[in-house]
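Below, each chain spelled out in residue letters.
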Amino acid sequence: MPKFPKKLITNEIWRRIKRNGSFRVKKKAMIVEAAKRVPEINPNPMESTANGWQQEVANVSQMEPAIASFMDVVEASKGHAGTTQSAEEGPAGSNVDSKSSMYEFRDHLKTWAITHQIKHTAVNSLLTILKTNIPDNVLPADARTLVKTPAKVQITHDDEMGGEYWHYGLQKVLTKVLMFSKNQSITKISLIVNIDGVPISKSSTSAFWPILVKIHEMDEIAPLVVGIFSGMYKPKDVNSFLRRFVDDMNVLLQHGISINNRAIEVTLRCFVCDTPARAMLRGVIGHNGYASCLKCVTEGEYCYSHGKMIFPELNAALRTDSAFRSRTYEGHHKHDSILEEITRLDMIKDFPIGCEKDY
């Protein structure tokens, strides 16, 4: 046991120890207690330095994707800077092209900072360095000016929906992600759509209804938010809630999306929702109705002893998209669904249940 000076133990403690017969035992205990008050000193400072260095290396390794993406931007800035210098010596038309390229570089830098969640202090330092090499005051001096985070978000209050709705845009959110994706050779993407309610309070019925989109070919990308409805209950008019999303989807299905002068085909893979949301989106009766089965035309029977709806028939005819759209199934439909306007959407097969379809 290491020895510590007696001054670490107060005089009052020493007086208590001396009055007691077990002086040596309590002396050791009090020395141990006093040792806890002494700041711990690392006997091997080189080991501490090495551990800190390894931690710094780990932090840098986590930043490798952002660093690699930034190096691409820097290389682009070098080419743009050279173009600007030659443009000043050339005709006025080439100078205009050079300025447009520099503004395009500024947009790429903005997207890079947002995608990798770079701190504003780091962006400010980067802007200070880049401004010395980029002329014409193309880059701002502050990250807040570069990112242009809106102080107000355009939120639409719709009485038909029974709440407020914010729409970001399907094409806009896909462009933001695909522009800096590592897979720049992809030529086709398929989208998985999810719509469901999310309670935001335990003391009220207020909830969010986000429209989420997942790119099936890119597992590393989290679901993207296209729009959000906020209200005390679910949207009163589902078709009004989905109107702008359906318009965006049809445009992408027909024309695709262009990323860095590269055309990408867009397809709709399926809608993944729980049973109540699936019935609401398709405009059919709920899961406790007699004709509520989404896949076949079986009729349910109510079991009064257990208070449940059961479907004893196992070999009923399957529902089809054409029969669904022609309203052949009586008792199954509640209202028309705006999702039927989506190009090449199968109202039966594109709404999988459980493991029916590999998402």
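Residues numbered from 1 in each chain as written. Predicted model: local features only at pLDDT ≥ 70, side-chain atom pairs only at ≥ 80, totals over all residues. Heavy atoms only, no water.

Going by an unreviewed UniProt entry, the protein chain carries the name Transposase domain-containing protein and comes from Culex pipiens pipiens.

**Student:** Mind showing me how you'd approach the environment of isoleucine 134 here?
**Tutor:** Mapped onto the elements of the fold, isoleucine 134 is located in the loop between α6 (120-131) and α7 (143-147). Classification of isoleucine 134 by relative accessible area gives buried; the value is 7%. Along the chain, isoleucine 134 and methionine 102 lie 32 residues apart, while their C-alpha atoms are 8.2 Å from each other. (Helix = DSSP H or I, 4+ residues; strand = E, 2+ residues; numbered from the N terminus. Buried < 20%, exposed > 50% of the residue type's maximum accessible area, 1.4 Å probe, protein only.)

**Student:** Looking at this structure, I do not really get the packing of helix α8 (residues 170-178) against helix α9 (residues 238-255). What am I missing?
**Tutor:** For any two helices packed against each other, one specifies the crossing angle of their axes together with the interaxial distance. Close contact between α8 and α9 brings their axes to 8 Å; oriented N to C, the two are set at 55°. With respect to α9, the axis of α8 lies oblique. Residues Leu170, Gln171 and Leu174 of α8 pack against Phe245, Asp248, Met249 and Leu252 of α9. Its residues placed into classes, the contact of α8 with α9 shows 5 nonpolar, 1 polar and 1 charged. (Axes fitted to C-alpha atoms, helices over the stretch in contact; angles between N-to-C directions. Parallel < 35°, antiparallel > 145°, perpendicular 65-115°, else oblique. Contact = heavy atoms within 4.5 Å. Nonpolar A, V, L, I, M, F, W, Y, C, P; charged D, E, K, R; others polar.)

**Student:** Would you take a moment to explain α8 for this structure?
**Tutor:** Because an α-helix packs 3.6 residues into every turn, residues spaced three or four apart end up facing the same way. Those residues of α8 that sit buried are Leu170, Val173, Leu174 and Leu178. The arc enclosing the buried residues of α8, seen along the axis, measures out at 120°, which places them on a common side. (Arc of directions from axis to C-beta.)

**Student:** Help me understand the pairing of strand β2 (residues 163-167) in this model?
**Tutor:** Within a regular strand, side chains alternate between the sheet's two faces. By the bridge criterion, 3 bridges tie strand β1 (residues 156-158) to β2 in an arrangement that is antiparallel. By the bridge assignment for β2, aspartate 158 is matched with glycine 163. In textbook terms, the turn of a hairpin is the stretch between consecutive antiparallel strands, and for β1 and β2 this stretch comprises 4 residues, one of which, glycine 162, has a positive phi near 80°. (Pairing = 2+ DSSP bridges.)

**Student:** Please clarify how the packing of aromatic side chains should be interpreted in this entry.
**Tutor:** Aromatic ring pairs: the centre-centre distance and the angle between the two ring planes describe each pair. With the rule as written, the count across this model stands at 6 aromatic pairs. Residues phenylalanine 245 and phenylalanine 271 carry aromatic rings whose centres are separated by 6.5 Å and whose planes lie at 85° to one another, so their mutual orientation is edge-to-face. On the criterion of sequence distance, the pair formed by phenylalanine 245 in helix α9 and phenylalanine 271 in strand β8 (residues 262-271) is long-range, its members being 26 residues apart. A relative accessible area of 0% places phenylalanine 245 in the buried class. Each member of the aromatic cluster is reached from another via a ring pair, and the members are Tyr165, Phe229 and Phe241. Positioned over the ring face of tyrosine 168 is lysine 172, at 5.1 Å from the centre of the ring. (Phe/Tyr/Trp six-rings, centres within 6.5 Å; stacked < 30°, edge-to-face > 60°. Lys NZ or Arg CZ within 6 Å of the ring centre and 35° of its normal.)

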